[in-house]
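Coordinate analysis (summary)
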Amino acid sequence: MSETSELRGFAALGLSRERLAAVKAAGYIEPSPIQAAFIPVALEGHDVIGQAKTGTGKTAAFSLPLLEMMEEPTGSPQALVLAPTRELVQQIEAEIRKLARGSRTRICAIYGGEPIQRQLRALERGVEIVVGTPGRVIDHIERRTLRLGEIWHVVLDEADRMLDIGFRPDIERILRRVPDPHQTMLLSATISPDVRKLADRYMYRPVELNLSRDEPSVESIRQCTITVDQDRKFELLVRLLEQEKPRQCIVFTRTKKGAERLAERLARTIAGVATIHGDLPQSARNRVMQGFREATIPILVATDVVGRGIDVEGISHVINYDIPDDPENYVHRIGRTGRMGKDGVAITFVCPDQGQPLTAIEMLINRPIESVRIEGFEAFRKESASTPSFREIWSSVSRSKLVGSS
Ligand code: AMP
């Protein structure tokens, strides 16, 4: 057997000694499935579509090849990474910095909501990798503070989400300015028709890797629903938090106002509660995220757009205080827990008239979610007459208790 065929783990993926050292220093021992599949293809320079959710190690999957492919620093950006939210941009920046250990590559994060001066100074000093939200990237292009003339690699991270938020025109404007030839890597939890259209238009014979089918992170999440009357949700939440004592928990609400109100009310009863949503100034969002990351804030009330990008390993619980309108958001929300194969619990509150959205979620994930009764909070769900319910089919499935309800 030749020496190379005996290589295992990250060493078998074609990474340099420097990058392997950085991977080791980051504490990564084995590549995750998306990393094992994505890295060698990206290193060959192909356009790549990776269908993978957050929590599967997808950031390192594109960051490691990017770092390998950087040319001698000239100060002009060689790679542009676009992501939907500021939090995700910050997380990507942090991950790239970690993996860039020992290299001269400079990274700059650009996003709205903070004074532009810091970003201007970083761009002026010279950077090789720019990570940004599409809106702020356009801003910099128009101010001529960001030049795309030497971009060789473009990453579209969470492409489905960027399109959902309405970034398509911005993304297309940016992509039209990137000189040819260049490599495009697209990562997305779902390949919707919109994502497909974007790929068809802007990618060259992409290699497609679908790693989401046997996504381990969602499998390791214990999911359940609790039927509860609207006006008793708050009490139920308090009860659950007291009983479950989550190490760290995200509570999802449907609206920003709802998040504000719930966090305020909860903070009167329970310590360590904060909220994060799109209307908060960036400085406040940073502060909250730092507290959550350091676990000084164990309970975070969040909305979908901001909450879905959060990558904090210690999240033991996700509570859907409001059931998500869009079933896709359910998958994104619960994916905040069970990171990298750790166990997590996802609890969804369902009001008696919300059988329909619940069925839509169960159809999407292709299985029924266990329904749990908490003593003192019994309510009865009205099944929708028109949609055949998984619940009907699986009504014989035993309903174990989630928590030792007293
Ligand atoms: P991501 O899916 O990129 O958001 O990554 C989820 C988390 O897994 C991040 O905290 C990464 O730092 C971590 N991670 C990425 N790759 C590995 C790996 N191979 N082994 C252990 N942890 C990893």
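Scroll up for the structure.
All values reported here derive from a predicted model rather than from experimental measurement.

**Section: the sheet that holds strand S1 (residues 48-51)**
Spatially, the seven strands line up as an open sheet ordered S3-S4-S2-S5-S6-S1-S7, and their pairing is parallel. Lying at the two open borders of the sheet, with one neighbouring strand each, are strand S3 (107-110) and strand S7 (207-210). Pairwise comparison of adjacent strand axes, ignoring direction, gives a mean angle of 15 degrees for this sheet. Strand direction decides the pairing type here: strand S5 (residues 153-156) and strand S6 (residues 183-188), joined by four bridges, are parallel. Across the sheet, the residue bridging to Val 154 is Thr 184, located in S6. Docked against the sheet, helix H3 (residues 58-69) engages strand S2 (79-82), strand S4 (129-132), S5 and S6, running at close to 170 degrees with respect to S6.

**Let's talk about the nonpolar core**
Of all hydrophobic cores here, the largest spans 38 residues; its most connected members are Phe 38, Phe 62 and Ile 129. Counting only elements with at least two residues in this core, the list comes to helix H2 (33-43), H3, S2, helix H4 (86-99), S3, S4 and S6. If you tally residues by element for this core, the top one is H3, at seven residues. Excluding residues that lie within four positions of it along the chain, Ile 129 makes contacts with Leu 67, Met 70, Ala 79, Val 81, Ile 96, Thr 105, Arg 106, Ile 107 and Cys 108. Among the nonpolar cores identified, the runner-up in size contains 31 residues, and Cys 108, Ala 122, Ile 138 and Met 162 belong to it.

**What to know about the packing of aromatic side chains**
Using the criterion set out here, one finds one aromatic pair in the structure. Between Tyr 321 and Phe 349, the aromatic rings sit 5.8 Å apart at their centres with planes inclined by 50 degrees, giving tilted as the arrangement. Of this pair, Tyr 321 sits in the loop between strand S12 (317-320) and helix H15 (327-334) while Phe 349 sits in strand S13 (residues 344-350), and the two are 28 residues apart along the sequence. The pair Tyr 321 / Phe 349 is uniform in exposure class, with both members buried. One cation-aromatic arrangement involves Lys 233 over Tyr 321; the distance from NZ or CZ to the ring centre is 5.0 Å. When the ring centre of Phe 234 is taken as origin, the NZ or CZ atom of Arg 265, which lies over that ring, is 3.8 Å away.

**Brief notes about the site of the ligand**
The environment of the ligand is formed by 17 residues, the closest being Tyr 28, Gln 35, Gly 55, Gly 57 and Thr 59. Measuring from a nitrogen atom of the ligand, one finds a side-chain N or O atom of Gln 35 at 2.7 Å. About the coverage of the ligand: the protein hides 88% of its 490 Å² of free accessible area. Among the detected pockets, the ligand sits in the largest pocket.

Scoring rules and cut-offs
Residues numbered from 1 in each chain as written. Predicted model: local features only at pLDDT ≥ 70, side-chain atom pairs only at ≥ 80, totals over all residues. Heavy atoms only, no water. Pairing = 2+ DSSP bridges. Helix = DSSP H or I, 4+ residues; strand = E, 2+ residues; numbered from the N terminus. Axes fitted to C-alpha atoms, helices over the stretch in contact; angles between N-to-C directions. Contact = heavy atoms within 4.5 Å. Core = buried A, V, L, I, M, F, W, Y, C linked by side-chain atoms within 4.5 Å. Buried < 20%, exposed > 50% of the residue type's maximum accessible area, 1.4 Å probe, protein only. Phe/Tyr/Trp six-rings, centres within 6.5 Å; stacked < 30°, edge-to-face > 60°. Lys NZ or Arg CZ within 6 Å of the ring centre and 35° of its normal. Near = heavy atom within 4 Å. Polar contact = N/O pair within 3.5 Å; in protein donor to acceptor, adjacent residues only side chain to side chain. Areas by Shrake-Rupley, 256 points an atom, 1.4 Å probe, with all protein chains shown as cover. 1 Å grid on protein atoms, 1.4 Å probe; cavity = no way out; pocket = protein on both sides within 12 Å on 5 of 7 lines; lining within 4 Å. Sits in = over half its atoms within 2 Å of the grid points.

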